[in-house]
Amino acid sequence: MQDADNKSAQGDFERAVNLYEATLDDSPRGAEVHYKLALIYDDKLNDPVSALHHFKRYLALSPNGPHAKDVKNSIKRDEITALTALSGDSIITRAEAARLRNENLTLHKQLEDPALSRTALQKLEGKDSKKAGSKKAGQTYVVQSGDTLVSISRKFYKSPKRWKAILEANKKSIRDPKDLTVGQALVIP
(Lines give C-alpha, C1' and ligand atoms only; values in the text may rest on other atoms or scores of the structure.)
Protein backbone atom coordinates (compact mmCIF):
# COMPACT_ATOMS: atom_id res chain seq x y z
CA MET A 1 0.00 0.00 0.00
CA GLN A 2 2.90 2.35 0.72
CA ASP A 3 4.26 1.70 -2.79
CA ALA A 4 0.84 2.59 -4.19
CA ASP A 5 0.79 5.84 -2.17
CA ASN A 6 4.26 6.69 -3.51
CA LYS A 7 3.28 5.97 -7.13
CA SER A 8 0.18 8.12 -6.74
CA ALA A 9 2.23 10.98 -5.30
CA GLN A 10 4.65 10.67 -8.25
CA GLY A 11 1.78 10.91 -10.75
CA ASP A 12 2.06 7.27 -11.93
CA PHE A 13 -1.66 6.69 -11.45
CA GLU A 14 -1.96 3.50 -13.52
CA ARG A 15 0.75 1.77 -11.46
CA ALA A 16 -0.82 3.13 -8.27
CA VAL A 17 -4.18 1.64 -9.28
CA ASN A 18 -2.58 -1.77 -9.91
CA LEU A 19 -0.78 -1.70 -6.55
CA TYR A 20 -3.88 -0.57 -4.65
CA GLU A 21 -6.00 -3.28 -6.29
CA ALA A 22 -3.46 -5.92 -5.23
CA THR A 23 -4.08 -4.97 -1.57
CA LEU A 24 -7.90 -5.09 -1.69
CA ASP A 25 -9.76 -7.26 0.79
CA ASP A 26 -12.96 -6.93 2.81
CA SER A 27 -11.31 -5.42 5.87
CA PRO A 28 -11.56 -1.80 7.10
CA ARG A 29 -8.16 -1.28 5.46
CA GLY A 30 -9.77 -2.42 2.19
CA ALA A 31 -12.34 0.36 2.56
CA GLU A 32 -9.52 2.92 2.73
CA VAL A 33 -7.96 1.40 -0.41
CA HIS A 34 -11.30 1.66 -2.21
CA TYR A 35 -11.47 5.32 -1.18
CA LYS A 36 -7.98 6.03 -2.52
CA LEU A 37 -8.77 4.23 -5.78
CA ALA A 38 -12.00 6.21 -6.14
CA LEU A 39 -10.12 9.49 -5.70
CA ILE A 40 -7.58 8.52 -8.39
CA TYR A 41 -10.32 7.52 -10.83
CA ASP A 42 -12.36 10.60 -9.97
CA ASP A 43 -9.72 13.32 -9.69
CA LYS A 44 -6.85 12.11 -11.85
CA LEU A 45 -8.12 9.67 -14.48
CA ASN A 46 -11.51 11.35 -15.10
CA ASP A 47 -13.32 7.99 -14.94
CA PRO A 48 -16.53 8.56 -12.94
CA VAL A 49 -17.86 5.02 -13.55
CA SER A 50 -14.83 3.36 -11.95
CA ALA A 51 -14.85 5.98 -9.20
CA LEU A 52 -18.49 5.15 -8.48
CA HIS A 53 -17.65 1.45 -8.08
CA HIS A 54 -14.93 2.16 -5.52
CA PHE A 55 -16.93 4.82 -3.67
CA LYS A 56 -19.80 2.31 -3.32
CA ARG A 57 -17.44 -0.45 -2.14
CA TYR A 58 -16.07 1.98 0.46
CA LEU A 59 -19.59 2.60 1.79
CA ALA A 60 -20.36 -1.13 1.81
CA LEU A 61 -17.24 -1.86 3.88
CA SER A 62 -17.31 1.27 6.05
CA PRO A 63 -20.78 2.89 5.99
CA ASN A 64 -19.92 5.23 8.89
CA GLY A 65 -16.24 5.68 8.05
CA PRO A 66 -14.35 8.97 8.17
CA HIS A 67 -14.95 9.66 4.46
CA ALA A 68 -18.60 8.54 4.31
CA LYS A 69 -20.09 12.03 3.89
CA ASP A 70 -17.60 13.00 1.17
CA VAL A 71 -18.18 9.65 -0.55
CA LYS A 72 -21.95 10.10 -0.60
CA ASN A 73 -21.60 13.57 -2.13
CA SER A 74 -19.08 12.29 -4.67
CA ILE A 75 -21.42 9.45 -5.65
CA LYS A 76 -24.22 11.93 -6.39
CA ARG A 77 -21.91 14.11 -8.47
CA ASP A 78 -20.33 11.18 -10.34
CA GLU A 79 -23.72 9.65 -11.14
CA ILE A 80 -24.73 12.92 -12.81
CA THR A 81 -21.36 13.14 -14.59
CA ALA A 82 -21.66 9.57 -15.87
CA LEU A 83 -25.24 10.10 -17.04
CA THR A 84 -24.27 13.34 -18.76
CA ALA A 85 -21.38 11.64 -20.54
CA LEU A 86 -23.56 8.73 -21.63
CA SER A 87 -26.44 10.90 -22.82
CA GLY A 88 -24.23 13.53 -24.45
CA ASP A 89 -26.43 16.20 -22.92
CA SER A 90 -26.67 18.18 -19.73
CA ILE A 91 -28.61 16.58 -16.87
CA ILE A 92 -29.80 18.38 -13.78
CA THR A 93 -31.25 16.88 -10.63
CA ARG A 94 -34.92 17.22 -9.73
CA ALA A 95 -34.00 19.40 -6.77
CA GLU A 96 -32.01 21.75 -9.01
CA ALA A 97 -34.87 21.86 -11.55
CA ALA A 98 -37.34 22.71 -8.75
CA ARG A 99 -35.01 25.41 -7.40
CA LEU A 100 -34.67 26.95 -10.87
CA ARG A 101 -38.44 26.82 -11.41
CA ASN A 102 -39.05 28.60 -8.09
CA GLU A 103 -36.40 31.20 -8.85
CA ASN A 104 -37.99 31.80 -12.25
CA LEU A 105 -41.44 32.31 -10.68
CA THR A 106 -39.98 34.74 -8.13
CA LEU A 107 -38.25 36.73 -10.86
CA HIS A 108 -41.46 36.90 -12.91
CA LYS A 109 -43.34 38.25 -9.89
CA GLN A 110 -40.62 40.84 -9.33
CA LEU A 111 -40.86 41.99 -12.95
CA GLU A 112 -44.62 42.42 -12.63
CA ASP A 113 -44.31 44.55 -9.45
CA PRO A 114 -42.10 47.64 -9.98
CA ALA A 115 -41.55 48.12 -6.22
CA LEU A 116 -40.26 44.56 -5.89
CA SER A 117 -38.07 45.03 -8.97
CA ARG A 118 -36.23 47.99 -7.40
CA THR A 119 -35.72 46.11 -4.11
CA ALA A 120 -34.38 43.05 -5.91
CA LEU A 121 -32.03 45.21 -8.00
CA GLN A 122 -30.68 46.88 -4.85
CA LYS A 123 -30.07 43.46 -3.24
CA LEU A 124 -28.24 42.23 -6.34
CA GLU A 125 -26.05 45.33 -6.44
CA GLY A 126 -25.15 44.75 -2.79
CA LYS A 127 -24.17 41.12 -3.48
CA ASP A 128 -22.01 42.12 -6.45
CA SER A 129 -20.03 44.59 -4.37
CA LYS A 130 -19.46 41.94 -1.68
CA LYS A 131 -18.24 39.45 -4.30
CA ALA A 132 -15.82 41.97 -5.76
CA GLY A 133 -14.23 42.52 -2.36
CA SER A 134 -13.88 38.80 -1.64
CA LYS A 135 -12.12 38.03 -4.94
CA LYS A 136 -9.13 40.12 -3.87
CA ALA A 137 -8.67 37.91 -0.82
CA GLY A 138 -8.30 34.74 -2.95
CA GLN A 139 -5.02 32.94 -3.40
CA THR A 140 -3.51 31.46 -6.55
CA TYR A 141 -2.69 27.86 -7.39
CA VAL A 142 -0.57 26.54 -10.25
CA VAL A 143 -2.17 23.57 -12.04
CA GLN A 144 -0.20 20.31 -11.76
CA SER A 145 -0.35 17.24 -13.99
CA GLY A 146 -3.56 15.28 -13.35
CA ASP A 147 -5.35 18.16 -11.60
CA THR A 148 -9.06 18.70 -12.14
CA LEU A 149 -11.30 21.38 -10.69
CA VAL A 150 -12.75 18.73 -8.38
CA SER A 151 -9.31 17.65 -7.13
CA ILE A 152 -8.29 21.29 -6.58
CA SER A 153 -11.53 21.90 -4.69
CA ARG A 154 -10.83 18.84 -2.57
CA LYS A 155 -7.28 20.11 -1.89
CA PHE A 156 -8.28 23.62 -0.78
CA TYR A 157 -11.74 23.11 0.70
CA LYS A 158 -11.60 19.44 1.77
CA SER A 159 -14.71 18.97 -0.37
CA PRO A 160 -15.27 18.36 -4.10
CA LYS A 161 -18.34 20.64 -4.11
CA ARG A 162 -16.57 24.00 -4.57
CA TRP A 163 -15.22 23.29 -8.09
CA LYS A 164 -17.86 25.55 -9.64
CA ALA A 165 -16.69 28.49 -7.50
CA ILE A 166 -13.15 27.94 -8.76
CA LEU A 167 -14.43 27.75 -12.35
CA GLU A 168 -16.45 30.95 -11.88
CA ALA A 169 -13.45 32.79 -10.44
CA ASN A 170 -11.36 31.75 -13.45
CA LYS A 171 -13.92 31.75 -16.26
CA LYS A 172 -11.78 34.07 -18.41
CA SER A 173 -8.77 31.73 -18.33
CA ILE A 174 -10.48 28.30 -18.41
CA ARG A 175 -11.83 27.35 -21.83
CA ASP A 176 -12.72 23.73 -21.01
CA PRO A 177 -13.21 22.83 -17.31
CA LYS A 178 -12.33 19.20 -18.09
CA ASP A 179 -8.98 20.14 -19.67
CA LEU A 180 -6.83 22.33 -17.43
CA THR A 181 -3.41 23.46 -18.65
CA VAL A 182 -0.40 22.38 -16.57
CA GLY A 183 1.34 25.48 -15.22
CA GLN A 184 -1.81 27.61 -15.48
CA ALA A 185 -2.36 29.89 -12.48
CA LEU A 186 -5.85 29.75 -11.00
CA VAL A 187 -7.45 32.08 -8.48
CA ILE A 188 -8.82 30.16 -5.51
CA PRO A 189 -11.72 32.16 -4.07
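Further up the page is the structure itself.
Quick notes on the rules
Residues numbered from 1 in each chain as written. Predicted model: local features only at pLDDT ≥ 70, side-chain atom pairs only at ≥ 80, totals over all residues. Heavy atoms only, no water. Helix = DSSP H or I, 4+ residues; strand = E, 2+ residues; numbered from the N terminus. Buried < 20%, exposed > 50% of the residue type's maximum accessible area, 1.4 Å probe, protein only. Contact = heavy atoms within 4.5 Å. Areas by Shrake-Rupley, 256 points an atom, 1.4 Å probe, with all protein chains shown as cover. Axes fitted to C-alpha atoms, helices over the stretch in contact; angles between N-to-C directions. Parallel < 35°, antiparallel > 145°, perpendicular 65-115°, else oblique. Left-handed = near helix turned anticlockwise from the far one by under 90°. Nonpolar A, V, L, I, M, F, W, Y, C, P; charged D, E, K, R; others polar. 1 Å grid on protein atoms, 1.4 Å probe; cavity = no way out; pocket = protein on both sides within 12 Å on 5 of 7 lines; lining within 4 Å. Points joined across faces, edges and corners; volume = space filled by probe spheres on them. Salt bridge = Lys/Arg side-chain N within 4 Å of Asp/Glu carboxyl O.

Draft legend 1. Region of interest: the overall build of the chain. Secondary structure assignment for the chain yields nine helices and two strands. For the chain, the N- to C-terminal ordering of α and β elements is α-α-α-α-α-α-α-β-α-α-β. Taken over 189 residues, the chain has a buried fraction of 30%. Considering only intrachain contacts with a sequence separation of at least 6, the fraction spanning at least 24 residues in the chain is 49%. Surface exposure of the chain reaches about 12400 Å², of which carbon and sulfur atoms provide 53%.

Draft legend 2. Molecular detail of the packing of helix α1 (residues 2-10) against helix α2 (residues 13-22). Relative orientation of the contacting elements α1 and α2 amounts to 165°, with a least axis distance of 8 Å. Put simply, α1 runs roughly antiparallel to α2. The two elements α1 and α2 meet at a crossing, and its hand is left-handed. Contact residues: D3, A4, D5, K7 and S8 in α1; F13, R15, A16, L19 and Y20 in α2. Its residues placed into classes, the contact of α1 with α2 shows five nonpolar, one polar and four charged.

Draft legend 3. Here's a closer look at the layout of surface pockets. For the second largest pocket, the calculated volume is near 350 Å³. Lining the second largest pocket are 14 residues, and of these S8, A9, F13, I40 and K44 lie nearest its centre. When contributions to the lining of the second largest pocket are tallied by element, the ones reaching two or more residues are α1, α2 and α3 (28-44). Looking at the lining of the second largest pocket residue by residue, the classes come out as five nonpolar, five polar and four charged.

Draft legend 4. Structural view of the pattern of salt bridges. Counted by the stated rule, this structure contains ten salt bridges. A salt bridge links R154 to D42, with the nearest nitrogen and oxygen atoms 3.3 Å apart. Here the residue R154 occupies a position in helix α8 (residues 149-157), and D42 occupies one in helix α3, the gap between them amounting to 112 residues. An identical accessibility class is assigned to R154 and D42; each is buried.

Just geometry here; none of it tells us what the structure is for.
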